[in-house]
Amino acid sequence: EAEVAQSPRYKITEKSQAVAFWCDPISGHATLYWYRQILGQGPELLVQFQDESVVDDSQLPKDRFSAERLKGVDSTLKIQPAELGDSAMYLCASSSPTSGGPGSNEQFFGPGTRLTVL
Amino acid sequence: QQPVQSPQAVILREGEDAVINCSSSKALYSVHWYRQKHGEAPVFLMILLKGGEQKGHDKISASFNEKKQQSSLYLTASQLSYSGTYFCGTAYNFNKFYFGSGTKLNVKP
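Since this is a predicted model, take the numbers as computed values, not measurements.

Caption draft 1: Seen up close, the overall build of chain B. Within chain B, the secondary structure is distributed over 0 helices and 11 strands. Going from N to C terminus, chain B has its helices and strands arranged as β-β-β-β-β-β-β-β-β-β-β. Relative to its length of 109 residues, chain B is compact, with a C-alpha radius of gyration of 13 Å against a globular reference of 13 Å. Along the longest, intermediate and shortest principal axes, the C-alpha atoms of chain B span 40 × 25 × 20 Å. By residue count, 47% of the 109 residues in chain B fall in the buried class. For chain B, contacts bridging at least 24 residues in sequence account for 56% of all contacts bridging at least 6. Charged side chains of chain B number 12 positive and 7 negative; the gap between the two group centres comes to 7 Å.

Caption draft 2: Here's a closer look at the interface of chain A and chain B. If you look at the interface, chain A gives 24 residues, while chain B gives 20 residues. Here the residues of the side of chain A that touches chain B sort into 8 nonpolar, 14 polar and 2 charged.

Caption draft 3: Spotlight on the pattern of salt bridges. Residue and element names in this part refer to chain A. Enumeration over the complete set of coordinates arrives at 4 salt bridges over all chains. Residue E44 is joined to R36 by a salt bridge in which the shortest nitrogen-to-oxygen separation is 3.3 Å. Assessed through its relative accessible area of 12%, R36 is described here as buried. Its salt-bridge partner being D57, residue K62 comes within 3.7 Å of it at the nearest N-O pair. Put simply, R64, E83 and D86 are held in one network by salt bridges that share partners.

Caption draft 4: Structural view of the state of the cysteines. One pass over the structure, following the stated rule, counts 2 disulfides over all chains. One disulfide bridge connects C23 of chain A with C92 of chain A, the sulfur atoms lying 1.9 Å from each other. Taking the sign of the S-S torsion, -65° for the link of C23 of chain A and C92 of chain A, the bridge is left-handed. Here the residue C23 of chain A occupies a position in strand β3 (residues 19-24), and C92 of chain A occupies one in strand β9 (residues 88-95), the gap between them amounting to 69 residues. Overall, the relative accessible area of 0% leaves C92 of chain A in the buried class. Residue pairing for C22 of chain B: its cysteine sulfur links by disulfide to C88 of chain B, the two sulfurs lying 2.1 Å apart. Where C22 of chain B bonds to C88 of chain B through sulfur, the torsion about that S-S bond is close to 70°, and the disulfide is right-handed. Pair noted here: C22 of chain B is in strand β3 (residues 18-23) and C88 of chain B is in strand β9 (residues 84-91), with a separation of 66 residues, a long-range link. Judged on exposure class, the residue C22 of chain B and its partner C88 of chain B are both buried.

Analysis parameters
Within each chain, residue numbers correspond to sequence positions counted from 1 in written order. As a convention, the first chain written is A and the first ligand written is 1, with the rest following in written order. Selection of residues for local features in this predicted model requires a pLDDT of at least 70, selection of side-chain atom pairs for listing and counting requires 80 or more, and totals for whole chains, interfaces and linings are taken over all residues. Here the side-chain values reflect all heavy atoms present in the structure, with hydrogen atoms and water set aside. Labels follow the DSSP assignment, with helices taken as runs of H or I lasting at least four residues and strands as runs of E lasting at least two, numbered in each case from the N terminus. For this measure, only C-alpha atoms enter the radius of gyration; the expected value for a globule follows 2.2 Å times N^0.38, where N is the number of residues. Throughout, exposure labels follow a simple rule: accessible area from a 1.4 Å probe, protein chains only, divided by the maximum for the residue type, with under 20% read as buried, over 50% as exposed, and the rest as partly exposed. Residue contacts are defined here by distance: any two heavy atoms, one from each residue, within 4.5 Å place the two residues in contact. Charge counting follows a simple rule: Lys and Arg are positive, Asp and Glu are negative, and His as well as the terminal groups are ignored. Every charge is mapped onto a representative atom, which is NZ of Lys, CZ of Arg, CG of Asp or CD of Glu. Only Asp, Glu, Lys and Arg are considered charged in this grouping, and only Ala, Val, Leu, Ile, Met, Phe, Trp, Tyr, Cys and Pro are considered nonpolar; every other residue, Gly among them, is considered polar. In the sections that follow, a salt bridge refers to a side-chain nitrogen of Lys or Arg positioned within 4 Å of a carboxyl oxygen of Asp or Glu. Disulfides are defined in this document as cysteine sulfur pairs within 2.5 Å.

So, in structure tokens, the structure goes:
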């Protein structure tokens, strides 16, 4: 069964360092999402791609976070510099839009990257 | 714009029923339901796209009241495997999507 791949699974870094997370969506899925999930809370959408274009990044802290999906397939989320408050699970999800836009479609989540900032 | 879920936590015995509610202050385009087990990624349960739509999956079903801007998830004859945190996700248009804060469900033998 096709799955969303993410790496690394765990990352420990020190404050002010740069970190990067990678996501490979299910083959053929045009829509890709990055979420941040703080322990005990629901996932918060950071950025949404449709192919290689950003559809929504209104919740992305752009002073330190960046995301790209250059060829419309895999994606990288970067944080530079990392802060203590960035400690969280970073989830990637993908969906295959049929009609009605991404709000209409099941999202398939990867296993996530657990980030700890010391 | 984040939907509000209630209750925050539920403890059940196997075989009991539960209802989880999700409400919004804005008109909804769709409602999603996901379950997340500890340390794992959320797993899709169902999407409701039309006002008044009801869907079912095994003994888990959901309704969507567009007028009241709310959805309810019904778990019937709960099993141990139902334990986890349930999230509703709401879309206000094609591209704006928000998860609720979750309802933690613990089913005991």
